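Structural overview
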Amino acid sequence: MLASLTVLTVVSGLIDAISYLGLGHVFTANMTGNVVILGFAAVRFGLTSAIDAAGGFQNFPDNYGTVIDLAREGRLSLRIAYHLFPQTGGQEIDDLKCWIGMVRPGDGDEWLRLNGAGENLTWAAADFENFTQPRPELGPYEAEFEQAVRLLMENGWGFRLHATYDETIRRNLAVFEKLAAEGLFPAGNRWLFDHAETVSRDSLDRIAALGGAVSVQNRMSFQGEAFVRRYGPGAAAEAPPIRAMLERGLTVGAGTDATRVSSYNPWVALHWLVAGRTVGDLTIYPPQNRVSRERALEMYTQAGAQLTGGQNVKGILAPGYYADLAILSDDFFAVPEQDIPHLESLLTVTGGRIVYATGEYEGLDEQLPPVSPAWSPVAHFGGYQATVKPSISGARQAELLGQAVAESEQHRQRRAARGFTPEAAPEIFDACFVL
């Protein structure tokens, strides 16, 4: 089936840093239908893995029961590496101590696995990403923050850490360097900063020296204009300084930060990396801070696998690796740049299992349960709404309409052959054409 396709239309499954997938908040008791539907929405775009950074005010283990049950039953369509995020200010250290006594990073299997702590460790150390507001001035937080990091390092827990501004990153790095001087950091544990829009080159050098990584998300796709208004185009041109991160040899994973500040559609994020433009079509990055399509895809596959410790089993198509892949609606490497956000998957395979199929592959995937609750707009209007590709207009659109009419009968015949529609084409009656 794959032999007739060009290599460039088949990609290894995408790994998205979905910071607010919300394992507990969404996957609560008696909501298995919503778990499957959410997975369906992701695999429609070729996603086969997600990293959940636990935002959403859910608590472990109380609110994680359903997703754990689904993983045990083999019903997840998306591999999930999750983090544990203390949800209540003032009891963060107690929560971390409790979890350290219950679970360890790496617990689980290839479908659902604990990846570490974060995205926050202590609430006092958290800045925010609303660029319509001034940068927050954080109070003293280092003592409690150091206690949390020390606790994690002593017990073999890595972490990811939310930090938007360099002012916050510098303060955090000072704590890490203090622990490193004692031989306690990073102690063989994976750790990374999330977001890092205004990180400085000096801070990047310090991150590299401590063996850290960075995960960037396309928040500027939606907030680029607000950032420019507040800080100016010069600052926006390197927010974040992606190429400077890569030049230092840092592992730089890409994601969306969905569903808090972005869509979970990875192709919107990939377009941001390649084009350096907002969804409002404002160019914010010069060519020297953009990446090639090849590098952008590596950030979404190989680098994503490294952030979860899965680089030896996923992120590339190779013997011995998971059979996670997607056949795309168009060639990512050849479509007009403005069409990248409109890419979708025709066939998504996770672990050798077809979890999404449409077009000529329709019917090869598993049947979904009904959307729950029944009143959900998704049950009536569908999920993520596709729109016409920007490059299609005028005469080309009319030409494609003619092609669609010609292909519709072939499509109907394929569906009929699989038992989805009656064998005979329906009679079309239009009173306007009755003589």
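Residues numbered from 1 in each chain as written. Predicted model: local features only at pLDDT ≥ 70, side-chain atom pairs only at ≥ 80, totals over all residues. Heavy atoms only, no water.

**Regarding the packing of aromatic side chains**
This is how it is decided: A pair of Phe, Tyr and Trp rings is counted when the ring centres sit within 6.5 Å of each other, with Trp represented by its six-membered ring. The angle between the planes then sorts it: under 30 degrees is stacked, over 60 is edge-to-face, the rest tilted. A run of H or I in DSSP becomes a helix once it reaches four residues, and a run of E becomes a strand once it reaches two; helices and strands are each numbered from the N terminus. Any residue under 20% of the maximum accessible area for its type is buried, any over 50% is exposed, and the rest in between are partly exposed; the area is computed with a 1.4 Å probe on protein chains only.
By the definition in use, this model includes 23 aromatic pairs. Between F131 and F227, the aromatic rings sit 5.0 Å apart at their centres with planes inclined by 85°, giving edge-to-face as the arrangement. With a gap of 96 residues between them, F131 in the loop between β5 (112-117) and α5 (142-154) and F227 in helix α8 (residues 219-231) connect regions that are remote in the sequence. Residue F131 is classed as buried on the basis of its relative accessible area of 1%. For the pair F227 and Y231, a centre-to-centre distance of 4.8 Å together with 50° between the ring planes defines the contact as tilted. Residue F227 and its partner Y231 are both found in helix α8; the two are separated by four residues, about one turn of the helix. Here Y231 falls in the partly exposed class, since its relative accessible area comes to 32%. Taken together, the aromatic side chains of Y141, F145, F159, F176, F185, W191 and F193 make up a single cluster linked through ring pairs.

**Observations concerning the nonpolar core**
The criterion, for reference: The definition of a nonpolar core used throughout is a set of buried Ala, Val, Leu, Ile, Met, Phe, Trp, Tyr and Cys residues joined through side-chain atoms within 4.5 Å. Note on contacts: a residue pair is in contact if any heavy atoms of the two residues lie within 4.5 Å.
Within the largest apolar cluster, 91 residues are counted, with the highest numbers of intra-cluster contacts made by F159 and F176. Apart from residues no more than four positions distant in its own chain, F176 is found in contact with F145, V149, F159, L161, F185, W191, F193 and L210. If you look at the next biggest cluster of nonpolar residues, it comprises seven residues, including I327, L347, V349 and A357.

**As for the pattern of salt bridges**
The condition is simple: The term salt bridge refers to a pairing of a side-chain nitrogen on Lys or Arg with a carboxyl oxygen on Asp or Glu at a separation within 4 Å.
One pass over the structure, following the stated rule, counts 22 salt bridges. A salt bridge links D194 to R160; its shortest N-O distance comes to 2.6 Å. On the criterion of sequence distance, the pair formed by D194 in strand β7 (residues 191-195) and R160 in strand β6 (residues 159-163) is long-range, its members being 34 residues apart. Both residues of the pair, D194 and R160, belong to the buried class. E366 is the salt-bridge partner of R353, the closest N and O atoms lying 2.5 Å from each other.

**Here's the deal with the side chain of D166**
Looking at the element boundaries, D166 is found in helix α6 (residues 166-181). Apart from the residues within four sequence positions on either side, D166 is in contact with T198, V199, S200 and S203.

**Brief notes about the confidence of the model for the protein chain**
Note the following rule: Think of pLDDT as the predictor's per-residue confidence, scored from 0 to 100.
On average, the protein chain scores 86 in pLDDT, and the residues at 70 or more come to 83%. Segment residues 1-8: pLDDT under 50, and nine contacts once partners within four positions in sequence are set aside and those in other chains are kept. Note on residues 20-37: pLDDT is under 50 here. Beyond four places in sequence and across chains, it has 58 contacts.

**Focus: the pairing of strand β9 (residues 252-255)**
Condition: In this analysis, strands are considered paired if DSSP registers two or more bridges between them.
The two faces of β9 match: V252 and A254 on one face and G253 and G255 on the other face are all buried. In the sheet, strand β8 (residues 213-217) pairs with β9 via four bridges, with the strands oriented parallel. Residue pairing in the sheet places V214 in a bridge with V252 of β9.

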